[in-house]
Protein chains: 2
Amino acid sequence: MIVGIIGGTGGIGKGMALRLSQNHEVIIGSRKEEKACASCETCKELLLELGLPFNLTPTTNQGVVDLSDIVVFSIPAETLNSTINSLKNLEGKIIISLMNPMERDTYFRYTPPEEGSAAQQLQKLLPDSKVIAAFNNIPAKKWSQLSEPLDYSVCVCGDDDKSKKLVMELVNSISKLEALDAGPLAISATIEAITPLVINIARLNRMHDVGVYFR
Amino acid sequence: MIVGIIGGTGGIGKGMALRLSQNHEVIIGSRKEEKACASCETCKELLLELGLPFNLTPTTNQGVVDLSDIVVFSIPAETLNSTINSLKNLEGKIIISLMNPMERDTYFRYTPPEEGSAAQQLQKLLPDSKVIAAFNNIPAKKWSQLSEPLDYSVCVCGDDDKSKKLVMELVNSISKLEALDAGPLAISATIEAITPLVINIARLNRMHDVGVYFR
């Protein structure tokens, strides 16, 4: 199973690449291939240094689409439309949305698009793809802290059951993450909204990198 | 600090009375005082049997309002309007909302009122009261299982800081619950929506009484 990360040079994208490439074939994409190459080199150096295995290839965002079975959209929600417009051949792909649209005034507020959630917006833009929301609530910094396990609960939701199961397997293959079937894509707004909630909780209660456990 | 529970004879209300009355003065209210008396007797017998202390008094819902410093609304969201209309003198009171409006079709969906959340609706109905959302995501059955500690994270939000702090102290005084300041009342929709989410998670993943931990 080849997993490609669109926006793979950003903080979360890079952290995901570090975690996923240890036991999956991972393709890092960026608008500019040079940027993907540089990010890939940094990841490889770090993984080599730690004596960890990896399978990591840089390419463009379109290269990610063309080569991957699962495409992760690790981009800011506000760049979704322009990113989609720049890509083709997304039909039939499993697409993971981990976008959490939010704004900050005195605190962080969830600001979903009119479709209900970023994942639902993505599904509407790509009606022939299988959009699955996952990884939404993992604290960004934790992805890259390879010395620490990731042991959070990960809500996974979507309307295509087979794709949802595959993504749940992917989740469960990473560190100690625990995938939880959260139902249809219509539930994704609640999952996305948890991210501004935990950021507020971290700030108001002097905590850091707050994650979620459902038990 | 006297804590009164409106709807104190329901499953959650009774469970809260069992937990809270061990170290607070608790008043159980019901539309009919006889019902509150019966519920109170059952609670007392159980607590006596377990050798636990208690301070528990039955009364009407109006009695709860008149005697309590903190009034807990432990009622189904759909009975909110009729309950409010049957009560007076709620001005100035600290009111805890633990309502989570939801509907079920193939899965549970959060169905907030037009005010945004049940807590915000309550605040609009009672502009001179201090509404705080708390205890929303504790699995109902766990309240009554006194042999087990309650160790969940409890999001507390509201617009009156002093009242929010008092409610957080109340939360922290119960078993091993951990109060977390989640911000203003405007964030309550996200907190309420977590309850249908965890119910769906429990059903879809063969789990029971799923609660939430933010760490």
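Above this text sits the structure in question.
The present account deals with the structure reproduced in this document. Numbering of residues starts from 1 in every chain and runs along the sequence as written. Chains and ligands are labelled sequentially in the order written, the chains with letters from A and the ligands with numbers from 1. At least 70 in pLDDT is required for a residue's local features to be given in this predicted model, at least 80 for side-chain atom pairs to be given and counted, and no such filter applies to totals for whole chains, interfaces and linings, which use all residues. The basis for the side-chain values is all heavy atoms of the structure; hydrogens and waters are excluded.

1. Quick notes on the pairing of strand S3 (residues 56-60) of chain B
For a regular strand, side chains alternate in direction, first toward one face of the sheet and then toward the other.
All names here are of chain B.
Phase 1: Inspection of the sheet shows strand S2 (residues 25-30) paired to S3 by five bridges, in the parallel sense. Residue pairing across strands places Gly-29 opposite Thr-59, the latter belonging to S3.
Phase 2: Crossovers are described as right-handed under a simple rule: with the strands pointing away from the observer, the path leading from the first strand over the helix to the second runs clockwise. Numbering of helices and strands starts at the N terminus; helices are DSSP runs of H or I of at least 4 residues and strands are runs of E of at least 2. Crossover S2 to S3 through helix H2 (residues 33-49) is right-handed. Strands qualify as paired when DSSP identifies two bridges or more between them.

2. Digging into the nonpolar core
Generally speaking, nonpolar side chains in soluble globular proteins are found buried as a group.
Phase 1: Side-chain atoms within 4.5 Å link the members of a nonpolar core, which is a set of buried Ala, Val, Leu, Ile, Met, Phe, Trp, Tyr and Cys residues. Only protein chains enter the area calculation, which uses a 1.4 Å probe; residues under 20% of their type maximum are buried, those over 50% are exposed, and those in between are partly exposed. Phe73(A), Phe214(A), Phe73(B) and Phe214(B) are the most contacted members of the largest nonpolar core, which totals 73 residues.
Phase 2: Excluding anything up to four places from it in sequence, Phe214(B) contacts Ile194(A), Leu197(A), Val198(A), Ile201(A), Met207(A), Val210(A), Gly211(A), Val212(A), Ser153(B), Cys155(B), Leu180(B) and Ile194(B). A contact between two residues is defined here by any heavy atoms of the two lying within 4.5 Å.

3. Let's talk about helix H2 (residues 33-49) of chain A
Residues and elements named next belong to chain A.
Phase 1: For a helix, the expected span equals 1.5 Å multiplied by the residue count minus one. For H2, which comprises 17 residues, the first-to-last C-alpha distance of 24 Å matches the rise-based estimate of 24 Å (1.5 Å per residue) to within 8%.
Phase 2: Buried within H2 are the following residues: Ala-36, Ser-39, Cys-40, Cys-43 and Leu-47. Burial along H2 is one-sided: seen end-on, the buried residues are contained in an arc of 105°. For H2, the exposed residues set more than 90 degrees away from the buried face come down to Glu-34, Glu-45, Leu-48 and Glu-49.
Phase 3: Against the buried residues of H2 lie helix H1 (11-20), strand S2 (25-30) and strand S3 (56-60).
Phase 4: Positive phi appears at Gly-51, one or two residues downstream of H2, with a value of about 70°. Within this analysis, the arc is defined by the directions that extend from the helix axis to the C-beta atoms.

4. Re the sheet that holds strand S8 (residues 130-133) of chain B
Residue and element names in this part refer to chain B.
Phase 1: Overall, mixed pairing links the eight strands, which are arranged S3-S2-S1-S4-S5-S8-S9-S10 in an open sheet. Looking at strand neighbours, the two that pair on one side only are S3 and strand S10 (178-183), the edges of this open sheet. Between one strand and the next, the sheet's axes are offset by a mean angle of 25°, whatever the strand orientation.
Phase 2: By the bridge criterion, four bridges tie strand S4 (residues 70-73) to strand S5 (residues 94-97) in an arrangement that is parallel. Bridging from a neighbouring strand, Phe-73 pairs with Ser-97 of S5.
Phase 3: To obtain each axis, a line is fitted to C-alpha atoms, and for helices this fit is confined to the stretch in contact; angles are then taken between N-to-C directions over 0 to 180 degrees. Relative to strand S1 (residues 2-6), helix H1 (residues 11-20) is tilted by about 165°, and along the sheet it contacts S1, S2, S3 and S4.

5. Observations concerning the interface of chain B and chain A
Phase 1: Taken residue by residue, the interface counts 30 residues in chain B and 30 residues in chain A.
Phase 2: Buried area: the accessible area, evaluated with a 1.4 Å probe, that two parts lose upon being put together, summed over both parts. On the chain B side of the contact with chain A, Leu197(B), Phe214(B) and Arg215(B) bury the most area, a combined 24% of that side's loss.
Phase 3: Note on definitions: salt bridges are taken to be side-chain nitrogens of Lys or Arg within 4 Å of carboxyl oxygens of Asp or Glu. One can count zero salt bridges joining chain B with chain A.
Phase 4: For this analysis, a polar contact is any N or O atom pair within 3.5 Å, provided that within protein one partner can donate a hydrogen and the other can accept it, and provided that sequence-adjacent residues contribute only side-chain to side-chain pairs. The tally of links from chain B across to chain A stands at five residue pairs in polar contact (both at pLDDT 80 or more).
Phase 5: Secondary structure elements with two or more residues in the side of chain B that touches chain A: S10, helix H7 (188-204) and strand S11 (212-214) of chain B.
Phase 6: Here the side of chain B that touches chain A is built from residues that sort into 22 nonpolar, five polar and three charged. Gly falls in the polar group here, along with every residue not listed as nonpolar (Ala, Val, Leu, Ile, Met, Phe, Trp, Tyr, Cys, Pro) or charged (Asp, Glu, Lys, Arg).

6. Section: the environment of Asn55(A)
Residue and element names in this part refer to chain A.
Phase 1: Of note, Asn-55 is situated in the loop between H2 and S3.
Phase 2: Considering only alpha carbons, one finds Asn-55 and Val-26, 29 residues apart in sequence, at a separation of 6.1 Å.
Phase 3: Look past the residues within four positions of Asn-55 in its chain and what remains in contact with it is Ser-21, His-24, Glu-25 and Val-26.

7. Examining the pairing of strand S9 (residues 153-158) of chain B
All names here are of chain B.
Phase 1: Within S9, six of the six residues are buried, which leaves the element mostly enclosed by the surrounding structure.
Phase 2: Covered by surrounding structure in S9 are Ser-153, Cys-155 and Cys-157 together with Val-154, Val-156 and Gly-158, the residues of both alternating faces.
Phase 3: Of the pairings in the sheet, the one linking S8 to S9 comprises two bridges and is antiparallel in character. Looking across to S9, one finds that Ala-133 is bridged to Cys-157.
Phase 4: Strand direction decides the pairing type here: S9 and S10, joined by five bridges, are parallel.

8. A short note on the pattern of salt bridges
Phase 1: Overall, the coordinates contain 10 salt bridges over all chains when judged by the stated rule.
Phase 2: Among the salt bridges present, the one from Lys142(B) reaches Glu148(B), with a minimum N-O distance of 2.9 Å.
Phase 3: On the basis of relative accessibility, which here comes to 35%, the residue Glu148(B) falls in the partly exposed class.
Phase 4: Each of Glu103(A), Asp105(A) and Arg109(A) takes part in a single network of salt bridges with overlapping partners.

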